[in-house]
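Examination of the molecular architecture
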Amino acid sequence: MTGFDTRPVFFIIGALLSVLAVAMLLPMTADLAAGNPDWMVFAIAFALTLFFGVQFMLANRMDRIALNVRQAFLLTALSWVVVCAFAAVPFMVSQIDLSAADAYFEAMSALTTTGSTVISGLDRLPPGLLLWRSLLQWLGGIGIIGMAIAILPFLRVGGMQLFRSESSDRSDKVTPRASDLAIAVGWIYLCLTAVCTVMLSYAGMSWFDAVNHAMTAVSTGGFSTRDASVAGWNSPAIEWVLVVFMVLGGMPFVRFISLAQGRAASFWADTQIRWYLGFLAAASFGLSVWLTLTRGVPWDDAIRVTTFNVVSVVTTTGYASIDYERWGPMASVVFFILTFVGGCTGSTSGGMKIFRFEILFIVLRALQRRLYSPNLVIPLNYNDKPVNADIMISVMSFGFVYLTSVVIVAFVLGFLGVDLVSALSGAATAVSNVGPGLGPTIGPTGNFATLPDGAKWALAAGMLLGRLEFFTVLVVLSPSFWRR
């Protein structure tokens, strides 16, 4: 077994840790302004994280940083594991004094924009910790977008090679250079966050709450500053503002660049966006009609609460404005199914992603037609791009591994003593990066604090697998990956 040059990998990880360290200065400043002694926690975590980040960079300096495919796989998997470990430090040494399992779970949930939490008493938490949770989700969201448009298409993960041209210098460029693409996406992300902050403040939130919720809405993360989540404000205006930005957060960000450049036609020509918006509208409308007819809920209330919670689950944000499990078994089944859908690729959302359902639909429709016309030649195209056998195999393999991962995580949770509903929904919500599960323990009004430590480690692993699209981690764990 022969290794390979890991210097570029650890140099970039060092740079990421340095960025994380600088980010810790924001919650430290918030605690200082509030007179909370926890500012020292962030000062210590800043020094520790910056020290290791700089050491990694100095020890692995190179004249030119360039990654081959194997190094890109290793970087993608290892960076999330290492950064999460340092991001967990403030949770461990702050006044809430989380255990290692709880702190790592919270950090992994934040950076993967899952939104599951083990912390209760959010209403009484110091501002630094609240801001740190939201900031981690915001940073994780921009990292997810970068990974989806710059790394996964080149690694041919789960059919993502379909989107290779959007981040390539060779064809169909959105911007002339990859650096321009990164800068443009960053500006779009920042502008959406700023606009969301202003609108939430105008709708009735304090500036602090507005900033936190803007970061977790655009990143489709779902962390809130209150235990009751968005229900704590009981404000239809706030809910509609969040619906708009959750929907935007679930769209491919490269299309916003096209829109900003005045090319609206390419935005609406993307079938993924049309399927995404159509599915959200159909699911929200159908559930609203059912809620009005069976529960007697006024139409305006029904359309608001169903739209908010459907969008929250499908975009894998995880906010809760109501305990939808009280609507009965039918609603619980619907929301469990919605857990698997996800938003668009190139967005901050998790799940299966809309484009994979499109590919499967195209393939199934072709197979159906060939049953009665065996000699018929049917071209398979997605967004005017040919869908070849390699892409079909990738998508179907992704679906198999996705469901297998849910089953394995659920089995581990059941083995550790977690009840059936919590085990199944917990595994699904972790792998899909949604946030809340089902049942009285981890449902929309509960949290994951009472689960055993082993279950939290298993769920953290599920979050990582789902966020990195499975094969990125599985390839690195393969012994053959480390051979020459």
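- By the naming in an unreviewed UniProt entry, the chain goes by Trk system potassium uptake protein and is assigned to Azospirillum aestuarii.
- What UniProt records for the chain under Function (unreviewed entry) is the sentence "Low-affinity potassium transport system. Interacts with Trk system potassium uptake protein TrkA."
- Among the UniProt annotations of the chain, the heading Sequence similarities (unreviewed entry) holds the following wording: "Belongs to the TrkH potassium transport family."

1. A short note on the packing of helix α2 (residues 25-34) against helix α7 (residues 127-150)
- For the pair α2 and α7, interaxial distance at closest approach is 8 Å and the crossing angle is 160 degrees. Classified by the angle between their axes, α2 and α7 sit roughly antiparallel to one another. Here α2 runs over α7; the crossing is right-handed. Note on element contacts: α7 touches α2 through Pro 127, Gly 128, Leu 131, Trp 132 and Leu 135, opposite Leu 26, Pro 27, Ala 30, Asp 31 and Ala 34.
- Residue composition of the contact of α2 with α7, grouped by class: eight nonpolar, one polar and one charged.

2. Let's talk about a nonpolar patch on the surface
- On the surface, a nonpolar cluster with roughly 280 Å² of combined accessible area is contributed by Leu 32, Trp 39 and Met 40.
- If you trace the backbone, Leu 32 turns up in helix α2.

3. Re the nonpolar core
- Counting residues in hydrophobic clusters, the biggest one holds 151 residues, and the most contacted among them are Phe 91, Trp 132, Leu 242 and Phe 253.
- Counting residues per element, this core draws most heavily on α7, which supplies 12 residues.

4. With respect to the pattern of salt bridges
- With the rule as written, the count across this model stands at 10 salt bridges.
- A salt bridge links Arg 304 to Glu 239; the nearest nitrogen and oxygen atoms lie 2.8 Å apart. With Arg 304 in helix α15 (residues 299-314) and Glu 239 in helix α11 (residues 236-249), the pair connects residues that are 65 residues apart, well separated along the chain.
- Judged by relative accessible area, Arg 304 falls into the buried class, the value being 15%.

Cut-offs and rules
Residues numbered from 1 in each chain as written. Predicted model: local features only at pLDDT ≥ 70, side-chain atom pairs only at ≥ 80, totals over all residues. Heavy atoms only, no water. UniProt positions renumbered as here; feature names shortened; annotations may be inferred. Axes fitted to C-alpha atoms, helices over the stretch in contact; angles between N-to-C directions. Helix = DSSP H or I, 4+ residues; strand = E, 2+ residues; numbered from the N terminus. Parallel < 35°, antiparallel > 145°, perpendicular 65-115°, else oblique. Left-handed = near helix turned anticlockwise from the far one by under 90°. Contact = heavy atoms within 4.5 Å. Nonpolar A, V, L, I, M, F, W, Y, C, P; charged D, E, K, R; others polar. Patch = residues over 30% accessible without salt bridge, like charges linked within 9 Å, V, L, I, M, F, W, Y side chains within 5 Å. Areas by Shrake-Rupley, 256 points an atom, 1.4 Å probe, with all protein chains shown as cover. Salt bridge = Lys/Arg side-chain N within 4 Å of Asp/Glu carboxyl O. Core = buried A, V, L, I, M, F, W, Y, C linked by side-chain atoms within 4.5 Å. Buried < 20%, exposed > 50% of the residue type's maximum accessible area, 1.4 Å probe, protein only.

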